[in-house]
Amino acid sequence: MKKMIALACLSVVLQNFAYAAPATVPKIPVQTVAPASAKTLAAQSDLATKQLIKQEETRVVAFYDAQWQKSDMPVQGGYYRMLVGKTATGKSVIQDFYQDTRTKQIDPSVIAQELELTNSDTRAAEGRVIWYTPMGDLSKFVWVQTGSITRAAHYNNGQLQMVYQRLPNTERIWAYYPNGKLLAYSTAKNKQSKHYLFDEKGQFLIDSNHVKNIPDKHPKIDSIRQAASMYFDMLNVVAPELGI
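Quick look at the structure, then.

**Quick word on the overall build of the protein**
No. 1: The helix and strand tally for the protein stands at 3 helices and 15 strands.
No. 2: Here the protein holds 244 residues, and the buried ones make up 45% of them.
No. 3: Long-range pairs, those at least 24 residues apart, make up 46% of the contacts in the protein between residues at least 6 apart in sequence.
No. 4: By element, 50% of the accessible surface of the protein is carried by carbon and sulfur atoms, the whole surface being about 13200 Å².

The structure is reproduced here in structure tokens:
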């Protein structure tokens, strides 16, 4: 899906295009995957952790270098993993930390299979995984179900930047301006995708069904190109971080 969206955005940025205005403003699905504020998500995670761990443990189970390769000892610039407890069903709960600062890199997360206890691949987890920067700022989360990412969100300066959701046969992406207004919405189903762009006030600009050959003098050309460029850049930077 990311490739289809990126190509659509790039065509808007680089080409002259004409605008056939849609008859009505599209109805965009309400995003319920992630809260707008990183602080809200962090608070939700703290509460969920208290309910998650039924048997506490505290021991280091693995060390990693900066590229997440396992090591027999601590590595500068690397990470370490601790087993912090068990769930009510006996599954292991782990937490990763930055080696240099000893601050948390993720919140406590469930490992789906005991054999994967030291596997650094996010898809070895079960449920939600939340990441933090070395300075303690919440940066992103994903939700893993049977080895696949079904939900994800990325935060920048404490504000929601991008959200991903995978439903049966459908994928969705919401992207946001720094002021919290919707920048773009994309949906893909059966290899067919649709994309919608909005200006910084949240006003609808254009959708992929109404792009043909728009002249440079179109009144919305600058806003459309700015929105498309921001979305294109975001997809190329944020989407790989989320693993989507």
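Next comes the rest of the account.
**So, the side chain of Gln-105**
No. 1: Turning to its location among the elements, Gln-105 is positioned in the loop between strand 5 (92–98) and strand 6 (109–111).
No. 2: A residue is classified by how much of its surface remains accessible, and Gln-105, at 8% relative accessible area, is buried.

**Topic: the environment of Ile-206**
No. 1: Mapped onto the elements, Ile-206 comes out in strand 14 (residues 204–207).
No. 2: Considered as a pair, Ile-206 and His-195 are 11 residues apart in the sequence and their alpha carbons are 8.4 Å apart.

**Quick notes on the pattern of salt bridges**
No. 1: Under the criterion given, the structure shown has 5 salt bridges.
No. 2: Put simply, Lys-86 and Glu-114 hold a salt bridge, and the shortest N to O gap is 3.7 Å. Placement of the pair is Lys-86 in strand 4 (residues 79–86) and Glu-114 in the loop between strand 6 and strand 7 (125–132), with a sequence separation of 28 residues.
No. 3: Judged by its relative accessible area of 44%, Glu-114 falls in the partly exposed class.

**With respect to helix 2 (residues 38–52)**
No. 1: In this model, helix 2 (15 residues) spans 20 Å end to end at C-alpha, consistent with the 21 Å of a helix rising 1.5 Å per residue.
No. 2: In the core, the buried residues of helix 2 are packed alongside strand 7, strand 8 (138–145) and strand 9 (148–156).
No. 3: Measuring from the backbone nitrogen of Lys-39 back to the side-chain oxygen at the start of helix 2 gives 3.2 Å, which picks out Ser-37 as the cap.

**What about the packing of aromatic side chains?**
No. 1: Going through the model one piece at a time under the given rule, you end up with 8 aromatic pairs.
No. 2: Geometrically, the ring pair formed by Trp-174 and Tyr-185 is tilted, given 5.4 Å between the ring centres and 50 degrees between the ring planes. Remark: Tyr-185 occurs in strand 12 (residues 182–189) and Trp-174 occurs in strand 11 (residues 170–176); sequence separation between them is 11 residues.
No. 3: Residue class for Trp-174 comes out buried when judged on its relative accessible area of 2%.
No. 4: Looking at Tyr-185, the relative accessible area reads 4%, which means it is buried.
No. 5: Three or more aromatic residues joined by ring pairs make a cluster, and in this case those are Trp-174, Tyr-185, Tyr-196, Phe-198 and Phe-204.
No. 6: For the cation-ring pair, Lys-140 lies above Trp-131, with the distance from its terminal atom to the ring centre recorded as 4.7 Å.

**Structural notes on the pairing of strand 13 (residues 192–198)**
No. 1: Note that strand 12 and strand 13 share 6 bridges and pair antiparallel. Counted as the bridge partner of Ala-184 is Leu-197 from strand 13.
No. 2: Between strand 12 and strand 13, which follow one another and run antiparallel, lie 2 residues, and Asn-190 among them has a positive phi close to 55 degrees.
No. 3: Hairpin connection of strand 13 to strand 14: 5 residues between the antiparallel strands, including Gly-202 at a positive phi of 85 degrees.

**Examining the nonpolar core**
No. 1: Membership of the largest hydrophobic core comes to 30 residues, with the highest contact counts inside it found for Val-142, Met-162, Leu-183, Leu-197 and Tyr-231.
No. 2: At the level of elements, strand 7, strand 8, strand 9, strand 10 (159–167), strand 11, strand 12, strand 14 and helix 3 (221–242) are the ones that each hand at least two residues to this core.
No. 3: Among the elements that take part in this core, helix 3 stands out by supplying 8 residues, more than any other.
No. 4: Excluding residues within four positions of it along the chain, Val-142 makes contact with Thr-122, Gly-127, Arg-128, Val-129, Trp-131, Ile-149, Arg-151, Ala-152 and Leu-242.

Reading the values: rules and limits
Residues numbered from 1 in each chain as written. Predicted model: local features only at pLDDT ≥ 70, side-chain atom pairs only at ≥ 80, totals over all residues. Heavy atoms only, no water. Helix = DSSP H or I, 4+ residues; strand = E, 2+ residues; numbered from the N terminus. Buried < 20%, exposed > 50% of the residue type's maximum accessible area, 1.4 Å probe, protein only. Contact = heavy atoms within 4.5 Å. Areas by Shrake-Rupley, 256 points an atom, 1.4 Å probe, with all protein chains shown as cover. Salt bridge = Lys/Arg side-chain N within 4 Å of Asp/Glu carboxyl O. Expected span 1.5 Å × (residues − 1). Polar contact = N/O pair within 3.5 Å; in protein donor to acceptor, adjacent residues only side chain to side chain. Phe/Tyr/Trp six-rings, centres within 6.5 Å; stacked < 30°, edge-to-face > 60°. Lys NZ or Arg CZ within 6 Å of the ring centre and 35° of its normal. Pairing = 2+ DSSP bridges. Core = buried A, V, L, I, M, F, W, Y, C linked by side-chain atoms within 4.5 Å.

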